[in-house]
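Structure assessment
In case you want the letters, here they are:
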Amino acid sequence: MSDQKTADIQRRTEAVKDQLIRKGLLAEEDVQHFLDLAEEWKPENGARVVARAWTDPEFRQRLLDDATSACAEMGYTGLQGEYIVALENTPELHNVVVCTQCSCTAWPVLGLPPDWYKSPEYRARVVRQPRRVLSEMGLELSPDIGVRVWETSAETRYMVIPLRPSGTEALGVDDLSALVTREALIGVALASQCER
Ligand SMILES: [Co+2]
């Protein structure tokens, strides 16, 4: 590392974009198209998938069999969602997702990756010390619950189906989906009744 001052991300991004456009490798419309698409990629989509799986057993089965198609059925498809696999938490097993290489997520249902997910620390440590990392992130799992870490990649994008919280039997899909955060979809949190 040099101690040379580095411009902030915004300025660096603009500089790279300007160069790509100047060299004819990128058009301004491409950037706008991507930004428009990115508006549609959000964890609220994954939350709706989960809420439906909690309330519709046939959909849940389709999601477990072929999450790509089940998500597409709800309109959540496209770039970085070409092969989605849903991982169901159970009272005995908790799933957590990482991309150790970079920062892959299933964009249509999880949105773009949050900063902590991209951090070298999370990527390296969650593989070796999943319980400890989860605990540091506020999720204490009882020792009798197994933890499975899944390496997502450019080809396979995972989403976690968290356990439905108890006491939510009377809630409809809208209220249920409000319990599911991006963190729960990655597996570093539970679906809770106090979030969002
Ligand atoms: Co990646």
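Here the structure is a predicted model, which is why all the values come from computation and not from measurement.

A word on the overall build of the protein. Looking only at helices and strands, the protein has eleven helices and four strands in total. Projected onto its principal axes, the C-alpha coordinates of the protein cover approximately 55 × 40 × 30 Å. The burial tally for the protein puts 38% of its 196 residues in the buried class. Intrachain contacts of the protein at a sequence separation of at least 6 include 66% that bridge at least 24 residues. Looking at the protein, you have 22 positive and 31 negative side-chain charges, and the mean spots of the two groups are 6 Å apart.

Domain annotation for the protein reports domain 1 (9-39) and domain 2 (41-186). Measuring from the centre of the C-alpha atoms in domain 1 to the corresponding centre in domain 2 gives 30 Å. Across the boundary between the two partners, domain 1 contributes four residues, which contact five residues of domain 2. Roughly 380 Å² is buried in total at the junction of domain 1 and domain 2, and carbon and sulfur atoms are behind 68% of that figure. Applying the counting rule to domain 1 against domain 2 returns zero salt bridges. At the surface where domain 1 touches domain 2, the tally comes to two residue pairs in polar contact (both at pLDDT 80 or more).

Listed as protein donors to the cobalt ion are C99 (SG), C102 (SG), S103 (N), C104 (N) and C104 (SG); their distances from the metal cover 2.1 to 2.7 Å. Look at where the donors of the cobalt ion fall in the sequence and you get C-x2-C-S-C.

As a further point, take a nonpolar patch on the surface. Together, V16, L20 and L25 make up an exposed nonpolar region whose accessible area comes to about 270 Å². Position of L25 relative to the elements: it lies in the loop between α1 (9-22) and α2 (28-40). Using a relative accessible area of 61% as the deciding quantity, one classes L25 as exposed.

Let us look at the confidence of the model for the protein. Scored by pLDDT, the protein has a mean of 92; 96% of the residues are at 70 or more. Averaged over each element, pLDDT in the protein is lowest for α2 (87) and highest for helix α4 (residues 57-65) (98).

This paragraph deals with the layout of surface pockets. It is a probe the size of a water molecule, rolled over the atoms, that shows where empty space is left. Looking at the largest pocket, its volume works out to about 400 Å³. In terms of lining residues, the largest pocket is bounded by T13, E14, K17, L26, V31, F34, L35, L112, P113 and K118. Tallied by class, residues from the lining of the largest pocket come to six nonpolar, one polar and three charged. A domain split of the lining of the largest pocket shows at least three residues from each of domain 1 (9-39) and domain 2 (41-186). Roughly 160 Å³ of internal volume is contained in the second largest pocket. What lines the second largest pocket is a set of 13 residues, among which N89, T90, H94, L163 and L190 lie closest to the centre.

Here the focus is the packing of aromatic side chains. What the rule picks out here adds up to seven aromatic pairs. Residues W116 and Y117 carry aromatic rings whose centres are separated by 5.9 Å and whose planes lie at 80° to one another, so their mutual orientation is edge-to-face. With relative accessibility at 1%, the residue Y117 sits in the buried group. Relative to Y158, the ring of W150 lies with its centre 5.2 Å away and its plane at 55°, an arrangement referred to as tilted. When its relative accessible area of 23% is taken as the criterion, W150 is described as partly exposed. Classification of Y158 as buried rests on a relative accessible area of 13%. Cluster of aromatic residues (ring-pair linked, three or more members): F34, W41 and W107.

Counting across every chain of the model gives eleven salt bridges. We note a salt bridge from R182 to E183, for which the minimum N-O separation is 3.7 Å. Within the structure, one salt-bridge network assembled from shared partners comprises R52, D56, R62 and E73.

What counts and what doesn't
- Residues numbered from 1 in each chain as written.
- Predicted model: local features only at pLDDT ≥ 70, side-chain atom pairs only at ≥ 80, totals over all residues.
- Heavy atoms only, no water.
- Helix = DSSP H or I, 4+ residues; strand = E, 2+ residues; numbered from the N terminus.
- Buried < 20%, exposed > 50% of the residue type's maximum accessible area, 1.4 Å probe, protein only.
- Contact = heavy atoms within 4.5 Å.
- Lys, Arg positive; Asp, Glu negative; His and termini not counted.
- Charge placed at Lys NZ, Arg CZ, Asp CG, Glu CD.
- Domains from an automatic or database assignment.
- Buried area = accessible area lost by both parts, 1.4 Å probe.
- Salt bridge = Lys/Arg side-chain N within 4 Å of Asp/Glu carboxyl O.
- Polar contact = N/O pair within 3.5 Å; in protein donor to acceptor, adjacent residues only side chain to side chain.
- Donors = N, O, S within 2.8 Å, 3.2 Å for Na, K, Ca; no water.
- Patch = residues over 30% accessible without salt bridge, like charges linked within 9 Å, V, L, I, M, F, W, Y side chains within 5 Å.
- Areas by Shrake-Rupley, 256 points an atom, 1.4 Å probe, with all protein chains shown as cover.
- pLDDT = per-residue confidence, 0-100.
- 1 Å grid on protein atoms, 1.4 Å probe; cavity = no way out; pocket = protein on both sides within 12 Å on 5 of 7 lines; lining within 4 Å.
- Points joined across faces, edges and corners; volume = space filled by probe spheres on them.
- Nonpolar A, V, L, I, M, F, W, Y, C, P; charged D, E, K, R; others polar.
- Phe/Tyr/Trp six-rings, centres within 6.5 Å; stacked < 30°, edge-to-face > 60°.

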